[in-house]
Amino acid sequence: MATRRSREALIRQWSLVEQLSRSQRGVSVEQMRDHTGASRSTVYRDLGLLCEAGVPIESESINGEARYRLCSKALPPLGP
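Position labels on residues start from 1 in each chain and follow its written sequence. Per-residue local features are limited, in this predicted model, to residues with pLDDT of at least 70; the limit for side-chain atom pairs, both in listing and counting, is 80 or more; totals at the level of whole chains, interfaces and linings are taken over all residues. Side-chain numbers here rest on the full set of heavy atoms in the structure, without hydrogens or water.

> Whenever I open this one, the sheet that holds strand E1 (residues 27-28) confuses me. Can you help?
Whether parallel or antiparallel, the strands of a sheet pair through hydrogen bonds between backbone atoms. One open sheet accounts for 3 strands, arranged E1-E3-E2; its pairing is antiparallel. The sheet is open, and its two borders are formed by E1 and strand E2 (57-62), each paired with just one other strand. Any two strands with at least two DSSP-identified bridges between them are counted as paired. What counts as a helix is a DSSP run of H or I of at least four residues, what counts as a strand is a run of E of at least two, and both are numbered from the N terminus. The sheet contact formed by E1 and strand E3 (residues 65-70) spans 2 bridges and is antiparallel. When the bridges of E3 are listed, Ser28 appears paired with Arg67.

> I would appreciate a short explanation of the state of the cysteines in the present structure.
One way to say it: the disulfide is the covalent bond shared by the sulfur atoms of two cysteines. Disulfides are defined as pairs of cysteine sulfur atoms found within 2.5 Å of each other. Using the criterion set out here, one finds 0 disulfides in the structure. For the unlinked cysteine Cys51, the closest cysteine sulfur is that of Cys71, found at 8.9 Å. Burial classes follow relative accessibility: with a 1.4 Å probe on protein chains only, a residue under 20% of its type's maximum area counts as buried, one over 50% as exposed, and anything between as partly exposed. Given a relative accessible area of 26%, Cys71 falls into the partly exposed group.

> Which parts of the structure should I look at to understand unusual backbone geometry?
A negative phi angle characterises most non-glycine residues, just as the trans form characterises most peptide bonds. Positive phi, close to 55 degrees, is recorded for Asn63, a residue that is not glycine. Residue class for Asn63 comes out exposed when judged on its relative accessible area of 80%.

> Any chance you could explain the side chain of Arg67 here in plain terms?
Looking at the element boundaries, Arg67 is found in strand E3. Nitrogen and oxygen atoms within 3.5 Å of one another constitute a polar contact, given that in protein one can donate a hydrogen and the other can accept it, and given that sequence-neighbouring residues count only through two side-chain atoms. Within polar-contact distance, the side chain of Arg67 engages the backbone oxygen of Arg25 at 3.3 Å. When near neighbours in sequence (up to four residues on either side) are disregarded, Arg67 contacts Arg25, Gly26, Val27, Ser28, Gln31, Glu58, Ser59, Glu60 and Ile62. Only heavy atoms enter the contact rule, under which two residues are in contact if any of them lie within 4.5 Å.

> Would you mind going over helix H1 (residues 4-22) with me for this structure?
The periodicity of an α-helix, 3.6 residues per turn, causes residues three or four positions apart to be oriented the same way. With 19 residues, H1 should cover 27 Å at 1.5 Å per step; its first-to-last C-alpha distance of 27 Å lies within 8% of that length. All of the buried residues in H1 are Ala9, Gln13, Ser15, Leu16, Val17, Gln19 and Leu20. Looking at the buried positions of H1, the neighbouring elements they touch are E1, helix H2 (29-36), helix H3 (40-52), E2 and E3. What a helix is expected to span follows from its residue count: subtract one and scale by 1.5 Å.

> Can you help me understand the pattern of salt bridges in this one?
If charged atoms from side chains of opposite charge come close, those side chains can pair. A carboxyl oxygen of Asp or Glu within 4 Å of a side-chain nitrogen of Lys or Arg is what we treat as a salt bridge. Enumeration over the complete set of coordinates arrives at 7 salt bridges. Note that Arg69 and Glu58 form a salt bridge whose closest N and O atoms lie 2.8 Å from each other. With a gap of 11 residues between them, Arg69 in strand E3 and Glu58 in strand E2 connect regions that are remote in the sequence. In this structure, Glu65 engages Arg67 in a salt bridge whose closest nitrogen and oxygen atoms are separated by 3.2 Å. Within the structure, one salt-bridge network assembled from shared partners comprises Glu30, Arg33 and Arg40.

Don't take any of this as a statement about function, it's just geometry.
Below, the structure is given as structure tokens:
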């Protein structure tokens, strides 16, 4: 049975995947923090875990800021 903390982490990570899938220009860590209410370190940890799980996340530096997005052809459209 999942613990409360693991359920919250899964919900937060799924929310990040949805946010990344909707963005064409990428999402900054600050935007992900605002979206999830998580700390900067938690966002980075979640990004790392999602990558380890096979979620195809790519990053690009735009005006000195790292922006993250899903690889466009790697996943089918996400939906409920």
